[in-house]
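Observations on the model geometry
Chain residues, written in single-letter form:
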Amino acid sequence: MSKAVNDDDFKFIKDLLAQLGKTPFFKHHKPTPLDEAISLMWYLENILYTSISNVFNYIRESIFYDEPIQNEIFEIGFWLEVTEMGIHL
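Residues numbered from 1 in each chain as written. Predicted model: local features only at pLDDT ≥ 70, side-chain atom pairs only at ≥ 80, totals over all residues. Heavy atoms only, no water.

1. What to know about unusual backbone geometry
Leaving glycine out, the prevailing phi sign among residues is negative, and the prevailing peptide bond configuration is trans. A positive phi angle, close to 55°, is found at Asp 8, a residue other than glycine. Its place among the elements puts Asp 8 in the loop between helix H1 (2-6) and helix H2 (10-18). Accessibility expressed as a relative area gives 47% for Asp 8, which makes it partly exposed. The backbone of Asp 66 shows a phi angle near 65°, a positive value even though the residue is not glycine. Under the relative-accessibility criterion, Asp 66 is labelled exposed at 52%. (Helix = DSSP H or I, 4+ residues; strand = E, 2+ residues; numbered from the N terminus. Buried < 20%, exposed > 50% of the residue type's maximum accessible area, 1.4 Å probe, protein only.)

In structure tokens, the structure reads:
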């Protein structure tokens with residue numbers, strides 16, 4: 001993702017983000033909701049969050065010339081509900 005952002009490859013960025021919720025076709029069994037949640041959390045932690053910080057730094061350095069940014073550019077949050085039936089996003 002970071003390379004796609006650095007290369008301004010918006011189509012590839014869109015494709016990568018679209019893949020976050022998709023189950024790979026090579027799996028032989030249907031993943032459980034827990035499996036899906038763990039997979040999604042891995043992508044968020046290892047891809048999306050890193051990429052967002054790279055985009056933020058690029059904006060700060062290239063557009064605001066390292067001046068403090070007065071407004072929030074990104075606001076990321078997730079509602080996580082844990083019940084007896086499992087985890088719901």
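2. A short note on the packing of aromatic side chains
Tallied over the full model, the rule gives 1 aromatic pair. Judged by centre distance (5.2 Å) and plane angle (90°), the ring pair of Trp 42 and Tyr 43 falls under edge-to-face. Residue Trp 42 is classed as partly exposed on the basis of its relative accessible area of 47%. Taking relative accessible area as the criterion, Tyr 43 reaches 31% and is therefore assigned partly exposed. (Phe/Tyr/Trp six-rings, centres within 6.5 Å; stacked < 30°, edge-to-face > 60°.)

3. Observations regarding the pattern of salt bridges
Opposite charge on two side chains permits pairing when their charged atoms draw close. For the structure shown, the criterion picks out 4 salt bridges. We note a salt bridge from Asp 7 to Lys 3, for which the minimum N-O separation is 2.6 Å. Among the residues examined, Asp 7 registers a relative accessible area of 46% and is labelled partly exposed. One continuous salt-bridge network, built from bridges that share partners, spans Arg 60, Glu 61 and Asp 66. (Salt bridge = Lys/Arg side-chain N within 4 Å of Asp/Glu carboxyl O.)

4. Comments concerning helix H3 (residues 33-62)
For an α-helix the count is 3.6 residues per turn, leaving residues at separations of three or four pointing the same way. A rise of 1.5 Å per residue sets the reference length of H3, with its 30 residues, at 44 Å; its end C-alpha atoms lie 41 Å apart and thus fit the reference within 8%. At Leu 44, H3 shows its maximal kink, close to 40°. Among the residues of H3, Ala 37, Leu 44, Leu 48, Ser 51, Ile 52 and Ile 59 are the ones counted as buried. Where H3 is buried, its residues touch H1 and H2. (Expected span 1.5 Å × (residues − 1). Bend = angle between axes of the 7 residues up to and from the residue. Contact = heavy atoms within 4.5 Å.)

5. Considerations on the environment of Ser 51
Note on placement: Ser 51 falls in helix H3. We classify Ser 51 as buried; its relative accessible area is 4%. As a C-alpha pair, Ser 51 and Val 5 span 46 residues in sequence and 7.6 Å in three-dimensional space. Excluding its chain neighbours within four sequence positions, the residues that come into contact with Ser 51 are Met 1 and Ser 2. Polar side-chain contacts of Ser 51 include one of 2.8 Å to the backbone oxygen of Ile 47. (Polar contact = N/O pair within 3.5 Å; in protein donor to acceptor, adjacent residues only side chain to side chain.)

Remember, this is a structural readout, not a statement about activity or role.
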